[in-house]
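Here is what each chain is made of, one letter per residue.
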Amino acid sequence: MKEILIAAILDLIIGDPYNFPHPVKLMGRLISLEEKLVRKIHWRRQGRISNLKIGGLLIVIINIIIAFTIPYLLLKTIEEYKVLHSIINIYLIYTCIAARSLDKEAMKVYYGLDKGIEEARFKLSYIVGRDTKNLSEEEIIRAAIETVGENTADGVIAPLFYIMLLGAPGGFMYKMVNTMDSMLGYKNEKYMELGFFPAKVDDVYNYIPARLTGVLICLSSIFRFNVKNGFRIMIRDRKNHKSPNAAYPEGAVAGLLNIQLGGNSYYFGKIVEKPTIGDRIRNIQRQDIKKTIEIMYRTEVLLLVIYGLINILLGR
């Protein structure tokens with residue numbers, strides 16, 4: 001428990017410095033290399049499933065094994081060296097948490113609006129998959145809120161959940177799954193087959209964490225935001241998203257802040273029709289970006305407190 005807490009504090013203080021060695025960067029390079037290798041081979045359809053889909057499945061299996069095994073063996077090898085083991089373990093856990101990084105990137109969009117809409121669109125393009133060049137100010141703010149809301153699950157609660165269950169190797173395993181989905185899981189012509197299994201596996205890994213995040217988002221906002229509406233919208237609009245998981249944290253945020261998220265967006269030049277999440281009780285404002293970041297941190301703290309209490313009760 002102590003090492004997880006220290007790692008979370010480290011993330012809060014320093015985040016992810018751009019020039020700092022980070023395992024997720026290595027994961028990205030590996031996935032990119034594997035994609036090139038799979039596409040280099042001549043794939044032909046055979047029966048009901050294409051070899052490109054099989055290639056995606058092999059990428060998933062190989063990378064999950066790599067992501068779990070390497071940190072597991074590393075920590076096992078240095079187990080007898082207590083201080084070194086703790087330092088390495090803290091570092092590995094710290095690299096799995098992205099709260100501070102998410103905070104910084106969202107605030108770049110917030111402050112970008114001060115410099116003009118083009119600057120805000122540019123900053124937003126780094127953290128979303130949708131096209132940003134024609135977004136209005138309200139659409140920019142909504143996209144930033146949705147990103148922080150969804151990634152409260154993907155970048156904070158889900159990795160912590162797997163770390164609490166399986167240690168740092170569990171966190172690395174999850175980060176690999178999430179990175180594969182972010183790189184290969186697009187629903188367009190290029191990735192429809194190769195990204196099929198990476199996307200499906202990510203959905204499975206996020207099934208429990210996304211729902212847990214939605215509940216924690218609401219509970220952590222007692223006496224601060226509209227908790228009753230947070231639960232109501234999360235449950236009512238839980239299926240109003242192409243992802244089976246993302247609407248839980250996004251719905252909770254929309255309900256807490258009495259705003260409406262979702263709606264149609266452009267991806268790769270094509271409009272994607274999406275239902276809305278939440279009710280437009282009031283118009284979205286810039287401050288809602290800061291409020292969503294606050295909700296993210298509240299959610300993280302609540303999970304750490306609950307985990308600490310469980311450990312105390314179990315006598316660990």
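Higher on the page you've got the structure.
Cut-offs and rules
Residues numbered from 1 in each chain as written. Predicted model: local features only at pLDDT ≥ 70, side-chain atom pairs only at ≥ 80, totals over all residues. Heavy atoms only, no water. Helix = DSSP H or I, 4+ residues; strand = E, 2+ residues; numbered from the N terminus. Rg over C-alpha atoms; globule rule 2.2 N^0.38 Å. Buried < 20%, exposed > 50% of the residue type's maximum accessible area, 1.4 Å probe, protein only. Contact = heavy atoms within 4.5 Å. Areas by Shrake-Rupley, 256 points an atom, 1.4 Å probe, with all protein chains shown as cover. Lys, Arg positive; Asp, Glu negative; His and termini not counted. Charge placed at Lys NZ, Arg CZ, Asp CG, Glu CD. Phe/Tyr/Trp six-rings, centres within 6.5 Å; stacked < 30°, edge-to-face > 60°. Lys NZ or Arg CZ within 6 Å of the ring centre and 35° of its normal.

Draft legend 1. How the structure looks around the overall build of the protein chain. A tally of helices and strands in the protein chain yields eleven helices and six strands. Over its C-alpha trace the protein chain gives a radius of gyration of 20 Å, about what one expects of a compact globule, namely 20 Å for 316 residues. By its C-alpha atoms, the protein chain is 55 × 55 × 35 Å across when sized along the principal axes. Burial status across the protein chain gives 50% buried among its 316 residues. For the protein chain, long-range pairs separated by at least 24 residues make up 71% of all intrachain contacts whose partners lie at least 6 apart in sequence. Summing over all exposed atoms, the protein chain offers an accessible surface of approximately 16,200 Å²; the carbon and sulfur share of this is 62%. For the protein chain, the distance from the average position of its 42 positive side-chain charges to the average position of its 31 negative side-chain charges is 2 Å.

Draft legend 2. Fine view of the packing of aromatic side chains. Applying the stated rule across the entire model yields nine aromatic pairs. An angle of 90° between the planes, with centres 5.2 Å apart, marks the rings of Tyr-110 and Tyr-111 as edge-to-face. Residue Tyr-110 is classed as buried on the basis of its relative accessible area of 8%. Ring plane angle 85° and centroid distance 5.2 Å describe the contact between Phe-161 and Tyr-162, whose orientation is recorded as edge-to-face. Tyr-162 carries the same exposure label as Phe-161, and that label is buried. One aromatic cluster is present, formed by Phe-161, Tyr-162, Tyr-174 and Tyr-205 through successive ring pairs. When the ring centre of Tyr-191 is taken as reference, the NZ or CZ atom of Arg-39 above it lies at 5.2 Å. Over the face of the ring belonging to Tyr-110 we find Arg-286, whose NZ or CZ atom lies 4.5 Å from the ring centre.

Draft legend 3. Looking closely at the environment of Ala-7. Within the fold, Ala-7 resides in helix H1 (residues 2-14). Residue class for Ala-7 comes out buried when judged on its relative accessible area of 0%.

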